[in-house]
Structures are given as structure tokens and as C-alpha cells.
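Overview (structure and organization)
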Amino acid sequence: MVRTRFAPSPTGFLHVGGARTALFNWLYARQNGGKFILRIENTDEKRNTEEAYKVIYDGLNWLGLDWDEGPDKGGLFGPYQQSERSAIYEKYLAVLEAGGHVYEDGGAIRFRSPRKPVIVEDIVCGRIEFDMSNPATHPDMTIRRPDGSWIFHFVNVVDDIEMQLTHVIRGEDHLSNTPKHVELYQAIGATPPKFAHIPLILNHEGKKLSKRDGGSSITYFLDLGYTPEAVANYLCLLGWSPGANRELLPLSEILSLFDLAGINRRNAIFDLDKCFWLNGQHILHMSLERFEELALPFVEKAGVPFGTTEALRPALAIVKPKVKHLSDVPDWIGFLFTEEFPFDPEAVTKSLCKPGAGDRLQALGSALSGLSDWTHPAIEARLKETAVALGVKTGELVHPARVAVSGRSVGPGLYEMFEVLGKERTLARFERARGMAA
RNA sequence: GACCCUAUCGUCCAGCGGUUAGGACACCGCCCUUUCACGGCGGUAACACGGGUUCGAAUCCCGUUAGGGUCGCCA
């Protein structure tokens, strides 16, 4: 039975690198019918707020990564937060003491390295031999502070043993720590899990992605209106490829194609542009129902007076193929639900104030007023007939009409806007715009 | 500094001894078109360097250089 884990420290911040580590662990567990465990590494008491836990839960849930055991879910191997596992650590410390593997040093307890070469067989990085003979570069690690609190390396290994993890999939920044961990496994008399160290995510300067970098936090994507499907898709593309030049894929398909051994060893630079593109693609291809589900919170938060979800649906339908961020949706649909929408001065100058624009708008209005079939194709046909009758290019009608109806020069398709708005409101807006027109 | 990992277009990913070195993002043209998108077509752009091995290296080996990581009583 495969058992993997994500073991974040509750810092109040879910790093995209952490999210990707979680994703890879989740994928591997799920595709092998195994268990995915969430363990909170908070040996440092300060990092223990409810809010910090929530950030982790929310981030994982948002990405669609569910866990089988964790602080909130329980499980056979709990507790799942290190602050509550001290008795277990005491027990393992006793084992090390009995084996003569530890000694005291200034009140702290250190593990005495056997000083033998350690071989790590890594699924991603291959076979690596570490020379542990030099105490200067491989000092005996401290496992417990004088105040009794525990150090990461020790509790991490103990928990992985106790929780019966079979695979440790983590960032490559831990590769150099792995021989230390293996020494601990051996001293305890446990078989080490399989290791897979995945490449790091770097910023545009090629440095480890830090908190200061845009897009380093999962909340960044949540707030800007990225879809979880796009972010998960993008994240798994960093260091891994589904092959066949494929890139745009749903999580369900990633699940069937994912392969731990196929992960490369190169650190990857995070490219927001590509993530952005992927987001637009996922929005474009998702169902309208899913789009509604994702967009609704943004629309509500912005206070768009859409009335009922039934009324909102057609509006969402016409912006879905265009919008790249969920957070853009309110701006893109707001004018459909109020007469108080703003007019972009530049658009007014450019289209409405053009000589003859008012007359053309009036002509279009009267042509459209006789139209009984108020649907996109019929509206389009009538507008084009009108252009021909007036002897002007279609654009001469389209541009002023767009501004009259939406206040801006960029937006959903014109005929779609007319259709959603309905005849009365469309024509009324024409009338109003004539007041601004030349 | 020591140790570990890495090295293909600006970026991500293919390639795993013989390819006109492929795809995607970004960028630049053109087409489609009611704007913006979407879509289509085309273009610019890469095997870090030096030695080997081989009939033949982006692919294998060694070195150099560069980048990253680790060397905590942080996690």
C-alpha cells in the first residue's frame, strides 16, 4: 500500500512549491490506490495558529487535493501535528539511547553519525553516494534542544516511520539532508522509504521562489481568479511532461498519465505568462456550470446587482470565451445589470464622437426596433442590412453601438450583448448615447 | 569553502547514438473578424565550452564554466 504525505509547516502561507509537492504526492498516492496524509510540522510552538492551518487546508482543498489522514480527519497514526507527538519522540529517543547513538552536548542531544558512506537511491535523481566522513561538513545533527523541543530531521524521520510512509516526495532542497535521515533510519532499525526529490521552482532571477515574488503564494492565484484546474495543470508541467506535446489537460487525465520516474531534475523558473494562458484555456473549455461556480464569488464580492442566478447565467455565457481571470468577470458583465455603468472617455471620443455617429445610431435603432426575432443571428443580419442601406462599413455601426451599450470598446460580442440586454434596453441605450454623440 | 544536483530557443517541456533538433508560452507578421479574445498560417529564437568514446554525438564519459541546493539548538 502506497502512503505519501505532505508535511508543511504552518507559516500562514502556502508556497506554490509546497503546493506542487503536495500535488505530486497526491497524484502518486491516488494513482496507486494509496493514502495521502497531511501532517503539520510545528515543532516550533509559535507556528500554531488556527489561521495558519486554515491556509493549508484551504489551499489544498482549492486545488482539489483531498487527504485521507490529517489533523482534522484523524487516522490510525495520529496525532497528525508534531506538537502533540512528543511521547512518540521520547520513545524513539530511548531507542537511540539504548543503541548508543546519541550524546549530550551543552544540554542538547546530538546524534552520532556512524561516519560511513550513505547511498541514496532516489527515484528522480538516481543513485547518489554521500561521503559522511568529514565532521566539518557533516556535523553530528542535533535532535533535541536543551529546552526539550525537537529538531526537524529527527521528528520528520520518526513520523515517516510511525506513519508507515512508503514514498517521500519532496523538494530537492532536502536531497543533501537525506543521508542524515538515512543514518537515523538505520540507527532506529527501520527501512527507509523510497525517496523522490523533485526540482525546485525558481523566480525570474533564477533564485528560489520567495514570498516576495509574485505568484509565490497560492492565495495569489485564488485572489486573482485563477482556476484551480489551471494552476494544478501548470504546476505539474514544471518538471514533468505528459508527453506527445500535450500541455492542456484536466486533473483526471494528469492522474492517469503522471509518472514519478518521469520527473526531470532541472529546477524550473515560474512563468506567470504561461500560467495565465493556461487559465484562459481552462476557462474557455470548462462547462458553463463550472464557470458559474467559480465566477459567482467574484461577482458577488464586487456587488454586481445581477438579481438571480438565472439572470446571471446568460451574462456569464457571453464572457466565458473571452475572460482570462475570474476577477475580471464583474467588470465584463457589470454594465448588463445597471444603467449606471461608466463610459470610457477614450471609447466615447473614438467611436461616439465620430461625425455622423449619432445619425447612424438612430438609423440602427429604428432598423432594430422593427425586429421581432431578437436573437444573435437575426440582430446580426439586420445590422448588416442596415449598414448596406446606409452605405457604410459594418464597423461604422458596430463601434458606436458597442460603446452606447457597454460604455467601452472592449467586451463580449456585440450581438450577444444585445441579446442578453433585450430589445428595450438596447434601444434605450442607443437613445441615451445619441446625446453624447456627434 | 566542502559536498550534492543541474545545463536544449527568453521561459516551460520533448529528444534518451543517425531528426531539416519538435511542441507550448511570450514576441513579430498575415488571415478570420463587430472590439477584445478564440482559431488558422508563417517567422525570429536553443543543444554553455573543451576534450574524449564512436563510422556517427544534443544524446555516453571526463574536465571547465555557469546556475541552484545543503552544510542550524529553522522547517
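Here the structure is a predicted model, which is why all the values come from computation and not from measurement.

The rules behind the values
- Residues numbered from 1 in each chain as written.
- Chains lettered and ligands numbered in written order.
- Predicted model: local features only at pLDDT ≥ 70, side-chain atom pairs only at ≥ 80, totals over all residues.
- Heavy atoms only, no water.
- Helix = DSSP H or I, 4+ residues; strand = E, 2+ residues; numbered from the N terminus.
- Rg over C-alpha atoms; globule rule 2.2 N^0.38 Å.
- Buried < 20%, exposed > 50% of the residue type's maximum accessible area, 1.4 Å probe, protein only.
- pLDDT = per-residue confidence, 0-100.
- Near = heavy atom within 4 Å.
- Polar contact = N/O pair within 3.5 Å; in protein donor to acceptor, adjacent residues only side chain to side chain.
- Nonpolar A, V, L, I, M, F, W, Y, C, P; charged D, E, K, R; others polar.
- Core = buried A, V, L, I, M, F, W, Y, C linked by side-chain atoms within 4.5 Å.
- Contact = heavy atoms within 4.5 Å.
- Axes fitted to C-alpha atoms, helices over the stretch in contact; angles between N-to-C directions.
- Parallel < 35°, antiparallel > 145°, perpendicular 65-115°, else oblique.
- Left-handed = near helix turned anticlockwise from the far one by under 90°.

Another point: the overall build of chain A. Regarding its fold elements, chain A presents 18 helices and eleven strands. Over its C-alpha atoms chain A spans a radius of gyration of 30 Å, topping by over 25% the 22 Å that the globule rule assigns to 438 residues. In terms of overall dimensions, chain A has a C-alpha envelope of 95 × 40 × 40 Å along the principal axes. The burial tally for chain A puts 50% of its 438 residues in the buried class.

With 99% of its residues at a pLDDT of at least 70, chain A reaches an overall mean of 93. The ipTM value of the predicted complex is 0.94, and its pTM value is 0.94.

Among the 61 residues in the neighbourhood of RNA strand B, the closest are listed as R145, K207, R265, R266 and K322. One nitrogen or oxygen atom from the side chain of S241 is found 2.9 Å from a sugar or linking oxygen belonging to RNA strand B. At 3.3 Å, a side-chain N or O of K384 approaches a phosphate oxygen of RNA strand B. Counting only elements with at least two residues in the surface near RNA strand B, the list comes to β4 (108–111), β6 (126–130), α4 (152–162), β11 (268–269), α9 (272–285), α16 (394–406) and α17 (414–421). With five residues, the top contributor of residues to the surface near RNA strand B is α9. A breakdown of the residues in the surface near RNA strand B according to their chemical character gives 21 nonpolar, 20 polar and 20 charged.

This brings us to the nonpolar core. Counting residues in each nonpolar core, the largest one holds 81 residues, and the members touching the most others are F24, L96, I143 and F154. Once residues lying within four places of it in the same chain are set aside, the contact partners of F154 are Y89, Y92, L93, L96, I143 and L184. Counting 49 residues, the second-largest nonpolar core is a separate cluster that includes V329, F335, L371 and I379.

Here we take up the environment of G70. Checked against the element boundaries, G70 lands in the loop between α2 (50–63) and α3 (86–98). The spacing of G70 and I37 is 33 residues in sequence and 6.0 Å in space, taken between C-alpha atoms. If sequence neighbours within four positions are ignored, G70 has contacts with L38 and Y80.

Take the side chain of R360 next. Looking at where R360 falls in the secondary structure, it is placed in helix α14 (residues 357–369). When neighbours within four sequence positions are excluded, R360 is seen to be in contact with K354, P355, L390, V392, E396, L397 and P400.

Before going further, it helps to examine the packing of helix α15 (residues 376–390) against α17. In the contact formed by α15 and α17, the axes pass within 9 Å of each other and the chain directions differ by 120°. Here α15 lies oblique to α17, going by the angle between them. Between α15 and α17 lies a crossing whose hand is right-handed. Contacts between α15 and α17 pair H376, I379, E380, L383 and K384 from the former with L414, Y415, E416, F418 and E419 from the latter. In the contact of α15 with α17, the residues fall into five nonpolar, one polar and four charged.

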